Amino acid sequence: MCGIIAAASNRNVGKLLVQGLHKMEYRGYDSAGIALHQKDQIAHLRTLGKVKLLEEKMIAEKPKSKLGIAHTRWATHGEPSEENAHPHKSNERVYIVHNGIIENYLDLKEFLKDEGYSFSSQTDSELIAHLLEYFLSKGNSMVDSMYLTKEKLDGAYAIAAIDRENDQNIVIARSKSPLLIGIGTDEFLAASDPLAIGQLTNEFIFLEDGDVAELTSESYTIFDDTKQKVSREITHIDISNQATSKGEYKHFMEKEIYEQPDAILNTIDGRVGGDDVLENIFGLGSSDIFQKVKRVQIVACGTSLHAGRVAANWFSAISELPTQIDYASEYRYRNPHVDEDSLLVTISQSGETADTLAALRYAKEKDYLSTLCICNVPTSSLARESEYSIFTNAGPEIGVASTKAFTTQLAALMLLALSLAKSRNRNPKLRKRIITALRSLPDTVQETLKLKDEILEIAPEIASKDNALFLGRGIFYPIAKEGALKLKEISYIHAEAYPAGELKHGPLALIDEEMPVIALAPESEIAEKLVSNLEEVKARGGTLYVFSDPSISMDLKSGRLINMPKCDFLLTPIIYTIPLQILSYEVALLRGTDIDQPRNLAKSVTVE
Ligand code: G6P
């Protein structure tokens, strides 16, 4: 999703801005652009497509500048094109980059047209440049103009702006879209993502909603919503090069799949002790609050929602709590009834997903006992706005398709199920059994990664098809859904998931030799029923690829049976996720797609 970077420095900033855009490529985008202040004029370069093309343009034109703004755009209003790419400008004077959505843009456009402004793009963002120019031309300072502009804007935004008549200052503003300041050496930076400037500094200031700030190469000043000067906390984050480079791997997704044993260890580490989870691992006072919980409501999007679907089973089986789960984008609009002593749980890798954040903010107006988030980014808005939190400690996830974030979310959600059970005095023996299994989980994941060779043999068969069905039952149905999502998002093969028992109620009509069926068949009390469901596929000539426990015997006519490592049943969803990730990756590799940045998708969806 759109990424912003800005720099005011004593050195040439063109290269560092483009490097920052490269670091944000993982967020997903369709075009890129830059505006560089050059004393009496502004160099303005934009390209449709990859940042590399913008870089080539820069190499050809060699613009020099100590003050600039740059952007990667993910289209919302207006198609992906050079005209719609940011920065947008007004009267060759004001240049802006914007992340977010301006909801009242039609009214504001009318107002600006009446004032004589003409529009050269289809975006909602361009009007921000015109509004700023409108107020600047009336003699207001940049900061005052930003406040006057803010008064007119409804919606979500992170903005960075420069003025041709001022070669010292960048003004930035934040409302509901992430934006931070980086304190560099002889320079100040701004970005939507610490990763963009992590090579230049490890000191960051996360702006709050309503903040406006002014940056020069010498200093920064932050004003709050009421235009009072404020000081905001400086956060230290060490973003090492290693965490943001592919190393020996072809893609970030591949690297992130193979990082999972360590990532899961980091999620569990320091949070379990003896035979149980430690107290208050979700924050001081959380164990006491958990005693009172009578119901759980989960909201999340995409892969994080699938983690929530698995966890709903755990909350029931381990914590003995009823759980409701909603798509974050739907939750607010179904007028949810909140039962007494309900805990709201949000799950998000980035902690910046607009729908999940909006659901949290909505829920805070309701009578929840408390709010808790499972998140991978401690500095995110979700983490800051939730009462309790646990961080998955997976390290930066760059591939758009989520892998290690998902399995670490599951590990963290298991810790939540155990903590709720502990505070409520439920199932001590079961807790002990799970803790033992959790301790060996990183090793089991490591063993599961060795299935790659077997998966390489089936990948070409799936890669040659246009559709695929994924089947799972019970706690494995969300894993089947996650498997289908992974395949469709990176290989563009149409894939659907069904609880295997539903097959005969419709999808069976799709079965023929062109429809590979990927099934999850762990040892369980319904294993026999699942095998019967798979027989239905076999009888109709479907090709089955079954990931199963060695105890399950099946005679396949075609396809393949792949034996999975043994693991405690309640943790098997994590194990069965791994081969599905590897399969999607290898299939996408064969189909030659853009694995780390699939078309049309964004890593962090900061618009509703
Ligand atoms: C986007 C990403 C998905 C992710 C979803 C939710 O759609 O492409 O991989 O699952 O957002 O993101 P979150 O950061 O809230 O987990």
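Before reading further, recall that the structure is shown in the block above.
Residues numbered from 1 in each chain as written. Predicted model: local features only at pLDDT ≥ 70, side-chain atom pairs only at ≥ 80, totals over all residues. Heavy atoms only, no water.

Q: Can you lay out the packing of helix 3 (residues 105–114) against helix 4 (residues 126–136) for me, pointing to particular residues and giving the numbers?
A: Where helix 3 meets helix 4, the closest approach of the two axes is 10 Å, and the angle between their N-to-C directions is 45 degrees. Judged on the interaxial angle alone, helix 4 and helix 3 are oblique. Crossing angle aside, the handedness with which helix 3 passes helix 4 is left-handed. Contact residues: Tyr105, Leu108, Phe111 and Leu112 in helix 3; Leu127, His130, Leu131 and Tyr134 in helix 4. Here the contact of helix 3 with helix 4 is composed, by residue class, of seven nonpolar, one polar and no charged. (Axes fitted to C-alpha atoms, helices over the stretch in contact; angles between N-to-C directions. Helix = DSSP H or I, 4+ residues; strand = E, 2+ residues; numbered from the N terminus. Parallel < 35°, antiparallel > 145°, perpendicular 65-115°, else oblique. Left-handed = near helix turned anticlockwise from the far one by under 90°. Contact = heavy atoms within 4.5 Å. Nonpolar A, V, L, I, M, F, W, Y, C, P; charged D, E, K, R; others polar.)

Q: Can you explain the pairing of strand 26 (residues 543–548)? Please cite residues and give values.
A: Where burial is concerned, most of strand 26 is hidden: six out of the six residues are buried. Of the two faces of strand 26, both are covered, the one formed by Thr543, Tyr545 and Phe547 as well as the one formed by Leu544, Val546 and Ser548. Examined bridge by bridge, strand 25 (residues 516–521) and strand 26 share six bridges and lie parallel to one another. Within strand 26, the residue paired with Val517 across the bridge is Leu544. You can see the chain leave strand 25, run along helix 18 (residues 527–539) and come back into strand 26, and the turn it takes is right-handed. (Buried < 20%, exposed > 50% of the residue type's maximum accessible area, 1.4 Å probe, protein only. Pairing = 2+ DSSP bridges. Right-handed = clockwise from strand over helix to strand, strands pointing away.)

Q: Account for the site of the ligand, naming residues and giving values.
A: The environment of the ligand is formed by 13 residues, the closest being Ser304, Ser348, Gln349, Ser350 and Thr353. Thr303 places a polar main-chain atom, nitrogen or oxygen, 3.0 Å from an oxygen atom of the ligand. Between the ligand and Ala602 there is a distance of 2.8 Å, counted from an oxygen atom to a backbone nitrogen or oxygen. Out of a free accessible area of 380 Å², the ligand has 89% covered by protein chains. Here the ligand occupies the second largest pocket. For the shell around the ligand, the element with the most residues is helix 10 (residues 302–317), which contributes three residues. Residue composition of the shell around the ligand, by class: four nonpolar, eight polar and one charged. (Near = heavy atom within 4 Å. Polar contact = N/O pair within 3.5 Å; in protein donor to acceptor, adjacent residues only side chain to side chain. Areas by Shrake-Rupley, 256 points an atom, 1.4 Å probe, with all protein chains shown as cover. 1 Å grid on protein atoms, 1.4 Å probe; cavity = no way out; pocket = protein on both sides within 12 Å on 5 of 7 lines; lining within 4 Å. Sits in = over half its atoms within 2 Å of the grid points.)

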